[in-house]
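Structure at a glance
Take a look at the letters that make up each chain.
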Amino acid sequence: MGLSIIVATNKDNVIGVKNDLPWELPKDLKYFSKITKGQTVVMGKTTFESIQSRIGKPLPGRKNVILAFEKDYKVEGCEVVNDWESVIDLAKTDDVFIIGGAMVYKTALPYANTLYITEVSAEIKNADCWFPKINYPEWELTQEDPQSKDENNPYDMNFKVYKRKKPIEFLDFEHARTPEQIALMKKIEKDGLCPFCEKYFKKYHPNKILKETSNWMVSENMSPYAGTKLHLIIVYKEHAIMPGEIKPEAYAELSEIFKWAEKKYKLKAGSFFMRFGDTCYTGGSVNHAHIQFLLGSAKSDDANKDKLKVKLGYKKKSI
Ligand SMILES: NC(=O)c1ccc[n+]([C@@H]2O[C@H](COP(=O)([O-])OP(=O)(O)OC[C@H]3O[C@@H](n4cnc5c(N)ncnc54)[C@H](OP(=O)(O)O)[C@@H]3O)[C@@H](O)[C@H]2O)c1
Ligand SMILES: [Zn+2]
């Protein structure tokens, strides 16, 4: 049970050239076989076809699962699945190894508990395929096994194993504010998916998307903070935990969203802030980076008025 990634890459995260591996390293292929033999291996269609053209058949001695959007794609001796949710389901019963390529690694990285990384000391000039950026503070190096180059293996290698330091938790129930939110979060937790990644936000979030750009989705918050006259949530489409993972052009795109909101809601004022990362620190219920955009009522002498309070983290009670 669980999800691991196995990949060979260099210091620049290169994994492929022209739909093939950038290197010939029999020692690494042997290591790959040793780790994955008898297990379930999941690969994208392009990687499967690259394996097929190398060895003429699926990987022997393993349950081969191919991810393909193409609905009627069939291969003898392999299982074909059409969405990532099916892989998550498989990982509830099998030890699943994600074996590439770039597109599948990118989807899989937030869900993996173990990374088997063969670090290859090679410079690759014509690379066209990369492993996604790893946020190393989330991972602990538990094993390494350096290998020197030899007559059959032209580059030094290091077989490294990283384990996730904390179990994957996309959601924080302690910070949920309403029973509806808790009910929905329970369903999402059972499905094992990140509720703010584009596909799943569109699937689970009950309110409609009001504005969409290449990188962001805007909707009304399903549980607005008490007293807000307007409470929007602006969610980054790709999985990102830290603001540094968000593409620079996505920050520029926020200007389009702010202009749209100012006009649509005839705003004279408002506040916004981003929650990101470990929810223990932020008071958020989801760790995927997102922006809260809100407006309360105006200050007045009304004795019933109170300041709008928002949890942004924790402090000692005495301060
Ligand atoms: N260095 C390494 O360890 C390593 C390991 C593996 C691969 N590679 C390299 O990686 C490269 C291939 O990577 P790639 O990114 O081009 O292709 P890929 O990830 O192998 O396959 C992409 C294809 O898989 C299907 N797919 C991916 N995600 C899906 C999802 N969530 N739901 C349904 N179908 C999905 C789609 O097929 P359709 O849309 O066509 O149906 C998509 O076009 C090659 O150069 C290969 O040699 C390197
Ligand atoms: Zn996400």
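We now turn to the structure provided with this report. None of these values were measured; they are calculated from a predicted model.

Counted under the stated rule, the structure contains 21 salt bridges. Where K106 meets E238, a salt bridge forms, and the shortest distance between an N and an O atom there is 3.2 Å. Taken together, the positions of K106 in helix α4 (residues 102-108) and E238 in the loop between β13 (230-236) and α7 (248-264) put the pair 132 residues apart, joining distant regions of the chain. On the basis of relative accessibility, which here comes to 45%, the residue K106 falls in the partly exposed class. A salt bridge links K166 to D278; its shortest N-O distance comes to 2.8 Å. With K166 in the loop between β10 (157-164) and α5 (179-191) and D278 in the loop between β14 (271-275) and α8 (279-282), this pair connects stretches of sequence that are 112 residues apart. We classify K166 as partly exposed; its relative accessible area is 48%.

Let us now look at the nonpolar core. By size, the foremost hydrophobic cluster in this structure holds 43 residues, and its most contacted members are L3, I5, W84, V87, I98, Y111 and L115. Per-element tally for this core: the top contributor is helix α3 (residues 84-90), with four residues. If you count residues domain by domain, this core takes at least three from each of domain 1 (2-164) and domain 2 (173-295). Beyond its immediate sequence surroundings of up to four residues, W84 is in contact with L3, L67, I98, T107, A108, Y111, L193 and Y200. Within the second largest apolar cluster, 29 residues are counted, among which are I35, I51, L59 and V120.

About the thresholds
Residue numbers restart at each chain and count upward from 1, following the sequence in its written direction. Each chain gets a letter, beginning with A, and each ligand a number, beginning with 1, in the order they are written. Under the rules for a predicted model, residues below a pLDDT of 70 receive no local features and side-chain atom pairs below 80 are neither given nor counted, while totals for whole chains, interfaces and linings still include all residues. Hydrogens and waters are ignored; side-chain quantities use all the structure's heavy atoms. A side-chain nitrogen of Lys or Arg and a carboxyl oxygen of Asp or Glu constitute a salt bridge if their distance falls within 4 Å. The helix count covers DSSP runs of H or I at least four residues long, the strand count covers runs of E at least two residues long, and both are numbered beginning at the N terminus. For every residue, the accessible area obtained with a 1.4 Å probe (protein chains only) is divided by the maximum for its type, and the residue is called buried under 20%, exposed over 50%, and partly exposed between those limits. Nonpolar cores are built from buried Ala, Val, Leu, Ile, Met, Phe, Trp, Tyr and Cys residues. Side-chain atoms within 4.5 Å join them into one set. Domain start and end points were adopted from an automatic or database domain assignment. Any two residues whose heavy atoms approach within 4.5 Å at even a single point are treated as in contact.

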